[in-house]
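The residues making up each chain are set out below.
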Amino acid sequence: MAHMERLLKEQAEYLSRFGNNKFDPIASCHYVQNGVKTYLSASSSLGICDDGFGVSASCPDGQTCQSDYRNIFGYTRYDDKPYDGQCSFFEAGEYALPEWLGWFIICVLGLFFAALTSVMVYMNNKKQHIDGNSNSEHFTTGGREIPAGLTAADVVSKWTWAATLLQSSNVAYVYGVSGPFWYAAGATIQVLLFSILAVEIKRKCPAIHTVLEVVLVRWGTGAHLVFLFFCLSTNLIVTGMLILGGAAAVEALTGVTTYASCFLIPLGVATYTAFGGLKGTYYASWTHTCIIYIALLTFLWKVYAGPSDLGSAKKVWENLNMAAIKNPSVTNTAGSYITMFSEGGMIFGIVNIIGNFGTVFVDQSYWQGAIACRPAATWRGYLLGGLA
């Protein structure tokens, strides 16, 4: 009770400070036709709005969606223009980066990354006096000598897919701190449990190449065909999500067409994989993990310490309290975004935990990691990767 009274008192204080900023979250998007303003609750950069009842409708010809939204914190866009009146973060036809930069990232940096990974594999093979391309066993298993550090980096890289960045941000926006917590918790349990299977793989069938070999020997052809279907389906879905997620991000930032990105992004990956085999993917994963942590540390510094619109934990906390007043979360206690008492967050956590068991245990890439790493490094690599 004391905590609730203090929270309500603080919210009243923030409301008195920011009360002049009006924002109606229920009817924030509208279009005007013949002098009549028609409200819709949300929209996208394509001018498609949701009428609040799950029915999408386009703005009439010649009309564009407008919004009553006003940024309650006084923040501006990347180009110092205000958010006020926008129905989406990216206005139609406006991009944060020039289009040529998108082509440069996809083509030039993609080829550079493929070349860098291939050189790393070549130098490693030369050091160990191995010709990885002449030996199919070494090509498909990485020589079964991957150390714990590379295994952990591989786990982090494989688990950081498009949904890790996009869906975690989405649930944070909807449920507050409970959203990203349950997203991370739901993605950690499976990898930690998989470390047990990885150890058993090394103990009982150290010479296998795929999980389907185990299924065929243990349960026969029928089970083999069932697992084959689900493993192929998982890989197709995950691969499609990764490519489309990257292509959509490039298009949103630079305007490069999604169709071209979907064809060009996989070329760099195919190049270093064709040259280095499974070992090439491990060196690529190590590079990915370095980039991921550099980005995370940069954002942490900018948000909580560095020069930015926020710059401190206190400012973030104040803004989250203000957001709970202007647009409270309907599933959270007192509408707060800084509480773990969130019904929606808990439901999402349960669904996320159950669903992620499928994306780990029938994904050949995780089994491939267990097959390729050294016997003594198996449990250490997966435990370290799961915790990271």
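Look a little higher up for the structure.
Small disclaimer: the values here were computed from a predicted structure and weren't measured. (Residues numbered from 1 in each chain as written. Predicted model: local features only at pLDDT ≥ 70, side-chain atom pairs only at ≥ 80, totals over all residues. Heavy atoms only, no water.)

1. Digging into a nonpolar patch on the surface
A cluster of nonpolar side chains, W100, F104, I105, V108, L109, F112 and L116, forms an exposed patch at the surface whose accessible area comes to about 670 Å². As for its position among the elements, L109 is in helix α2 (residues 99–127). By relative accessible area, which is 38% here, L109 ends up partly exposed. (Patch = residues over 30% accessible without salt bridge, like charges linked within 9 Å, V, L, I, M, F, W, Y side chains within 5 Å. Areas by Shrake-Rupley, 256 points an atom, 1.4 Å probe, with all protein chains shown as cover. Salt bridge = Lys/Arg side-chain N within 4 Å of Asp/Glu carboxyl O. Helix = DSSP H or I, 4+ residues; strand = E, 2+ residues; numbered from the N terminus. Buried < 20%, exposed > 50% of the residue type's maximum accessible area, 1.4 Å probe, protein only.)

2. Examining the pattern of salt bridges
Counted according to the given criterion, the structure contains four salt bridges. Of the charged contacts, one joins E200 and K204 as a salt bridge, the two residues approaching to 3.2 Å between their closest N and O atoms. One end of the pair, E200, and the other, K204, are both in helix α6 (residues 178–204), four residues apart, so they sit about a helical turn from each other. Among the residues examined, K204 registers a relative accessible area of 63% and is labelled exposed.

3. Observations regarding α2
Taking 1.5 Å per residue, 29 residues should reach 42 Å; α2 reaches 41 Å between its end C-alpha atoms and fits that length. Of all the bends in α2, the largest measures some 30 degrees and sits at I105. G102, I106, F113, A114, T117, S118, V121, N124 and N125 are the residues of α2 that are buried. Buried positions along α2 lie against α3 (136–141), α8 (221–254) and α9 (258–304). (Expected span 1.5 Å × (residues − 1). Bend = angle between axes of the 7 residues up to and from the residue. Contact = heavy atoms within 4.5 Å.)

4. A closer look at the packing of aromatic side chains
On inspection of all chains with the given rule, the structure shows ten aromatic pairs. Aromatic side chains W159 and Y366 sit 6.0 Å apart centroid to centroid with 80 degrees between the ring planes, which places their arrangement in the edge-to-face category. Here W159 is found in helix α4 (residues 148–159), whereas its partner Y366 is found in helix α12 (residues 364–372), with 207 residues between them in sequence. Pair check on accessibility: W159 and Y366 agree, each one buried. Here the aromatic cluster, defined as three or more aromatic residues joined through ring pairs, consists of W159, F194, F357, F361, Y366, W367 and Y382. (Phe/Tyr/Trp six-rings, centres within 6.5 Å; stacked < 30°, edge-to-face > 60°.)

5. Concerning the nonpolar core
In terms of nonpolar packing, the biggest core is built from 27 residues, with W159, W161, V191, F194, F348, Y366 and Y382 touching the most fellow members. Elements represented by at least two residues in this core include exactly α4, α5 (162–175), α6, α7 (211–219), α8, α11 (343–361) and α12. In terms of residue count, the dominant contributor to this core is α6 (seven residues). The contact partners of Y382, leaving out residues within four places of it in the chain, are T151, V155, V191, L192, F194, S195, A198, Y366, G369 and A370. (Core = buried A, V, L, I, M, F, W, Y, C linked by side-chain atoms within 4.5 Å.)

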